There are 2 protein chains.
Amino acid sequence: MTGWWTTDETHDPARTSWVASAQGHADFPIQNLPYGVFSPAGGNARIGTAIGDMILDLAACADAGLIGEGGDRLLLPTLNALMAMPVDARRSLRRAISMLLSDPAMQGAVEPHLYTACDCTLHLPAQIGDYSDFYVGIHHATNVGRQFRPDNPLLPNYKYVPIGYHGRASSIRPSGQPLLRPCGQRKAPDADAPVYGPSVRLDYELEMGVWIGQGNEQGAPIAIHDAADHIAGFCLLNDWSARDLQAWEYQPLGPFLSKSFHSTISPWVVTAEAMAPFRIAQPARPDGDPAPLPYLADADDQAHGALSVMLSVYLLSAAMRDAGMAPMRLSQGPASNLYWTVQQIVTHQASNGCNMMPGDLLGTGTISAPTRDGFGSLLELSVGGKEPVSLPTGETRAFLADGDEIILQAVAQADGFVPIGFGECRAQVLPARA
Amino acid sequence: MTGWWTTDETHDPARTSWVASAQGHADFPIQNLPYGVFSPAGGNARIGTAIGDMILDLAACADAGLIGEGGDRLLLPTLNALMAMPVDARRSLRRAISMLLSDPAMQGAVEPHLYTACDCTLHLPAQIGDYSDFYVGIHHATNVGRQFRPDNPLLPNYKYVPIGYHGRASSIRPSGQPLLRPCGQRKAPDADAPVYGPSVRLDYELEMGVWIGQGNEQGAPIAIHDAADHIAGFCLLNDWSARDLQAWEYQPLGPFLSKSFHSTISPWVVTAEAMAPFRIAQPARPDGDPAPLPYLADADDQAHGALSVMLSVYLLSAAMRDAGMAPMRLSQGPASNLYWTVQQIVTHQASNGCNMMPGDLLGTGTISAPTRDGFGSLLELSVGGKEPVSLPTGETRAFLADGDEIILQAVAQADGFVPIGFGECRAQVLPARA
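- Under the annotation held in an unreviewed UniProt entry, chain A carries the name fumarylacetoacetase and is attributed to Sphingobium xenophagum.

Below, the structure written as structure tokens:
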């Protein structure tokens, strides 16, 4: 079943909301309706949806009997149970919520449950059981590999295996929470021994996150044709990386403390249902590349499995902030630069029988474009630190400075449909703990 | 504070239990008192302790008012809240339980809450938030490294960094649950391309697991002198590994699907308190090895931070089982073959500010002795498959066959104290899913 690739009345560009700020909203028109967990000022955490500049308290709507089937899953403080719903039930719930916010006859009953978004606190949307991070942005993998192996940047397994590794779930935080510069071991190339101290090569990574919906039993892989039905939605993910810690620690078992200090996600779950209009064909592989092995190959996935999403990264330094400057865009590029579809990632992760659970999070890996204006990390933009980026203040950045804020943005777009955004994924770097 | 390195009356070798089978029990004399989660036949999961051949229902004891402070944490279906208790409270609870099971005057009140262990089902003891696996068995790392780099088996970071990586929490299972042989990509050295199918180089790994007790806030590392107070207890861990999948997938981000299909743990948490008599000095580093960096160096940790635990691995093939044979011991060796103490592992994991939570699990990595009789994996015993192990049936094993059962055992021992065991960590390999 791939029902959520089909659009319905909730995607109709003519549909408007009685919430005035929704019309033309960059992120949250009525065609989006992402799920999240929020607290109004002084209130408890609850499930809501973003609509324009407002948040609708879906728990209160369910409690008031305004939502039929699935409403009980809105009364919980995380989205895990909602994510676990079958695709048909998720689509029904979306239609019900879209009706509440578009039908003028519902305004009287629903409006008391709206909150001004900027007065609310957003939380992690789900209890994340396991977090895995992939490496399927092929231009990023090529750029990074070239710094180590100029003649042979991609390893032999890259075009067969959606490369990934386990990440740290406990330190994932929602947008807006600052991160402390991490400490760790680093060793200069010409030093005899490593030292322990604050990272001097702190970087960001532009990624998308994939939220798992229905899980799978241990020992029961997910067929590629069914993988889309196991995806609940998407977010932005900043996989903060301490490159000096990473270079010293990563052999032979991969990145560990260079990543696990903090990861930032956009807190709204842009649902798989909302993304139906923005499904596009996976770009053809370059001539000479091997075809995916059969367990990763599906005609529907190749025809509709990629995402039409434009991704951007902005930087705001402390000096820029003090000078009242706007954030500077560091890069922009499309999600179609992923070598594998998100469905292939899901199927690969379960292909050994590993069980996934609702609320698990998969990162795509850094998404870079082939050219410098779309590089998704400072490691790439500064060529390993050798060519620092210039800021409008005259400052330069080989890697991040304390006070820097990184802002990720994403917009899904397609002809004939209203574009929808992911909301901000931003966080500021604070100095290392004394 | 390192209070749990101190013994008290609960460790007195003269203390006996009115539960007759506890006296001289190989695993569970009254000096052990591990925590676990069990279900009696037809009953719900609850917290208990193993005593001889019996399990005491601690939830029922708490409910009956037999336990004072800390009793409320025994009423839950996992040990996470119990693990989160401060060290002093954990020690008080242990004294209370030891008294219930040793004082003949308590027998009448307590005996109704005992169950025969073999009639009960044991569950995972905690909800495991994050699972990390380390690689600090230096002889294992040397043996494996030698297969790739005969002249230089250990990488330059090994003696500075307690090497580790994130593992998969969702697929950890308690002893007794069989595992399916995993499928995945493997590539023969002389093949042009990989194939997807059942692993043909399935292996076990002998490890100890470390249960995290009190956690730490994100951004707040754990000083090495305090690390012991963040450890709730220990278990056995079999880190099942598909060597063919691992060899093909692991570069550059480390092991992933070669491990995530299934990991087996012994379900009883042998508490840090119970292990107090079995703390020994960390063996001196060989001449020429660097000293630990200051954040990992502590005199108390070096003097008392290692564990006097003897570890054994047994194999029982289907043919051996059919012939009524006993399992064959594959190896035996002490936990003191770890290059870093478990406290150093904990401190390192938090050294970048990564937050740990009660119920997180850390694996030590495979513990091998310097000589073949103590090698902790078939990869080492069979020298990468080239020298298969002979079984008493005349069968040979380069790697595991379907029907094989691997049994890990551990005994903590010290002069003047009653030895305590960890209980079994066993699981059988079933054929790959058709």
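After presenting the structure, the write-up continues.
### Digging into the overall build of chain A
Argument step 1. In terms of regular secondary structure, chain A is built from 10 helices and 27 strands.
Argument step 2. Taken against the 2.2 N^0.38 rule, which gives 22 Å for 434 residues, the C-alpha radius of gyration of chain A at 21 Å falls within 12% of a compact globule.
Argument step 3. By residue count, 61% of the 434 residues in chain A fall in the buried class.
Argument step 4. Partitioning the contacts of chain A with sequence separation of at least 6, the portion at a separation of at least 24 is 74%.
Argument step 5. When the accessible surface of chain A is summed, it comes to about 14,700 Å², and 54% of that surface belongs to carbon and sulfur atoms.
Argument step 6. Here chain A contributes 27 positive and 44 negative side-chain charges, whose respective centroids are spaced 7 Å apart.

### Things to note about the domain arrangement of chain A
Residue and element names in this part refer to chain A.
Argument step 1. Assigned domains of chain A: these are domain 1 (3–122) and domain 2 (131–430).
Argument step 2. Look at where the C-alpha atoms of domain 1 and domain 2 centre, and you get two points 28 Å apart.
Argument step 3. With 32 residues of domain 1 at the interface, the matching set in domain 2 holds 36 residues.
Argument step 4. A buried area of about 2,700 Å², summed over both sides, lies between domain 1 and domain 2, and 67% of it is on carbon and sulfur atoms.
Argument step 5. Linking domain 1 to domain 2 there are one salt bridge.
Argument step 6. Residues Arg90 and Glu273 are paired through a salt bridge, measuring 3.0 Å at the closest nitrogen-oxygen approach.
Argument step 7. For the pair domain 1 and domain 2, the number of links is eight residue pairs in polar contact (both at pLDDT 80 or more).
Argument step 8. Every element with two or more residues in the side of domain 1 that touches domain 2 is listed here: strand E1 (35–39), strand E2 (46–51), helix H2 (80–83) and helix H3 (87–102).
Argument step 9. Take the side of domain 1 that touches domain 2: its biggest share by element is four residues, from H3.
Argument step 10. Looking at the side of domain 1 that touches domain 2 residue by residue, the classes come out as 18 nonpolar, 10 polar and four charged.

### Re the environment of Pro286 of chain A
Argument step 1. Within the fold, Pro286 of chain A resides in the loop between strand E18 (279–280) and helix H7 (299–304).
Argument step 2. With relative accessibility at 46%, the residue Pro286 of chain A sits in the partly exposed group.

### Regarding the pairing of strand E6 (residues 131–134) of chain B
All names here are of chain B.
Argument step 1. Alternating residues of E6 divide into Tyr131 and Asp133 and Ser132 and Phe134, and every residue in both groups is buried.
Argument step 2. As paired strands, E6 and strand E7 (residues 164–167) are joined by four bridges and run antiparallel to one another. When the sheet's bridge partners are listed, Ser132 is paired in E7 with His166.
Argument step 3. Note: E6 against strand E22 (residues 361–363), three bridges, orientation parallel. For Asp133, the partnering residue across the bridge sits in E22 and is Gly363.

### A word on the sheet that holds strand E3 (residues 54–57) of chain A
Two orientations exist for strands paired in a sheet by backbone hydrogen bonds: parallel and antiparallel.
Residues and elements named next belong to chain A.
Argument step 1. Reading across the sheet, the five strands line up as E4-E3-E2-E1-E5 and stay open at both edges, with antiparallel pairing between neighbours. Across the chains shown, the open sheet's two edge strands, defined by having one partner strand only, are strand E4 (114–116) and strand E5 (121–122).
Argument step 2. Pairing of E1 with E5, which is carried by two bridges, proceeds in the antiparallel orientation. Paired with Phe38 across the two strands is Leu122, which belongs to E5.

### What about the interface of chain A and chain B?
Argument step 1. Between chain A and chain B, the residue contacts involve 60 residues of the former and 60 residues of the latter.
Argument step 2. When the buried area of chain A at its contact with chain B is split by residue, His166, Leu253 and Phe256 of chain A rank highest and sum to 15% of it.
Argument step 3. Scanning the region where chain A abuts chain B turns up four salt bridges.
Argument step 4. Residues Asp130 of chain B and Arg168 of chain A are paired through a salt bridge, measuring 3.4 Å at the closest nitrogen-oxygen approach.
Argument step 5. Scanning the region where chain A abuts chain B turns up 33 residue pairs in polar contact (both at pLDDT 80 or more).
Argument step 6. Elements that contribute at least two residues to the side of chain A that touches chain B include exactly strand E6 (131–134), strand E7 (164–167), strand E10 (183–186), strand E11 (195–198), helix H6 (243–249) and helix H9 (342–350) of chain A.
Argument step 7. Residues belonging to the side of chain A that touches chain B are distributed by class as follows: 32 nonpolar, 21 polar and seven charged.

### Focus on the relation of the copies chain A and chain B
Argument step 1. Under the fitted operation, chain A is carried onto chain B by 0.0 Å of movement along the axis and a turn of 180°, and the coordinates agree to an RMSD of 0.0 Å. Here the symmetry operator amounts to a two-fold rotation axis. Residue Gly254 of chain A of chain A places its C-alpha closer to the rotation axis than any other residue of that unit, at 2.2 Å.
Argument step 2. The share of interface residues of chain A whose copies in chain B are also at the interface is 100%, consistent with both copies meeting through the same surface.

### Observations concerning the UniProt feature "domain: Fumarylacetoacetase-like C-terminal" (unreviewed entry) in chain A
Argument step 1. Here the UniProt feature "domain: Fumarylacetoacetase-like C-terminal" (unreviewed entry) sits at residues 139–429 of chain A.
Argument step 2. Secondary structure over residues 139–429 of chain A splits into 14% helix and 28% strand, and the C-alpha atoms at its two ends are 26 Å apart.

### Some words on the side chain of Asp301 of chain B
Residues and elements named next belong to chain B.
Argument step 1. Mapped onto the elements, Asp301 comes out in helix H7 (residues 299–304).
Argument step 2. A distance of 2.7 Å separates polar atoms of two side chains, one belonging to Asp301 and the other to Gln343.
Argument step 3. Asp301 has contacts with Trp5, Ile224, Gln282, Ala306, Thr341, Gln343 and Gln344, leaving out every residue within four places of it along the chain.

### So, the packing of aromatic side chains
Residue and element names in this part refer to chain A.
Argument step 1. Counted under the stated rule, the structure contains 16 aromatic pairs over all chains.
Argument step 2. Between Tyr339 and Trp340, the aromatic rings sit 5.7 Å apart at their centres with planes inclined by 80°, giving edge-to-face as the arrangement.
Argument step 3. By relative accessible area, which is 0% here, Trp340 ends up buried.
Argument step 4. Through pairs of rings, three or more aromatic residues link up here, namely Tyr135, Tyr158, Tyr339 and Trp340.
Argument step 5. Stacked on the ring of Trp340, the Lys or Arg Arg285 has its end atom at 4.4 Å from the ring centre.

### Notes on the UniProt feature "binding site: substrate" (unreviewed entry) in chain A
Argument step 1. Mapped onto this structure's residue numbering, the UniProt feature "binding site: substrate" (unreviewed entry) falls at Tyr135, Arg149, Gln246, Tyr250 and Thr366 of chain A.
Argument step 2. Note that Arg149 of chain A resides in the loop between helix H5 (138–148) and E7.
Argument step 3. Mapped onto the elements, Tyr250 of chain A comes out in the loop between H6 and strand E16 (263–265).
Argument step 4. Beyond its immediate sequence surroundings of up to four residues, Tyr250 of chain A is in contact with Pro255 of chain A together with Pro252 of chain B.

Rules used throughout
Residues numbered from 1 in each chain as written. Chains lettered and ligands numbered in written order. Predicted model: local features only at pLDDT ≥ 70, side-chain atom pairs only at ≥ 80, totals over all residues. Heavy atoms only, no water. Helix = DSSP H or I, 4+ residues; strand = E, 2+ residues; numbered from the N terminus. Rg over C-alpha atoms; globule rule 2.2 N^0.38 Å. Buried < 20%, exposed > 50% of the residue type's maximum accessible area, 1.4 Å probe, protein only. Contact = heavy atoms within 4.5 Å. Areas by Shrake-Rupley, 256 points an atom, 1.4 Å probe, with all protein chains shown as cover. Lys, Arg positive; Asp, Glu negative; His and termini not counted. Charge placed at Lys NZ, Arg CZ, Asp CG, Glu CD. Domains from an automatic or database assignment. Buried area = accessible area lost by both parts, 1.4 Å probe. Salt bridge = Lys/Arg side-chain N within 4 Å of Asp/Glu carboxyl O. Polar contact = N/O pair within 3.5 Å; in protein donor to acceptor, adjacent residues only side chain to side chain. Nonpolar A, V, L, I, M, F, W, Y, C, P; charged D, E, K, R; others polar. Pairing = 2+ DSSP bridges. Least-squares fit on C-alpha atoms with pLDDT ≥ 70 in both. UniProt positions renumbered as here; feature names shortened; annotations may be inferred. Phe/Tyr/Trp six-rings, centres within 6.5 Å; stacked < 30°, edge-to-face > 60°. Lys NZ or Arg CZ within 6 Å of the ring centre and 35° of its normal.

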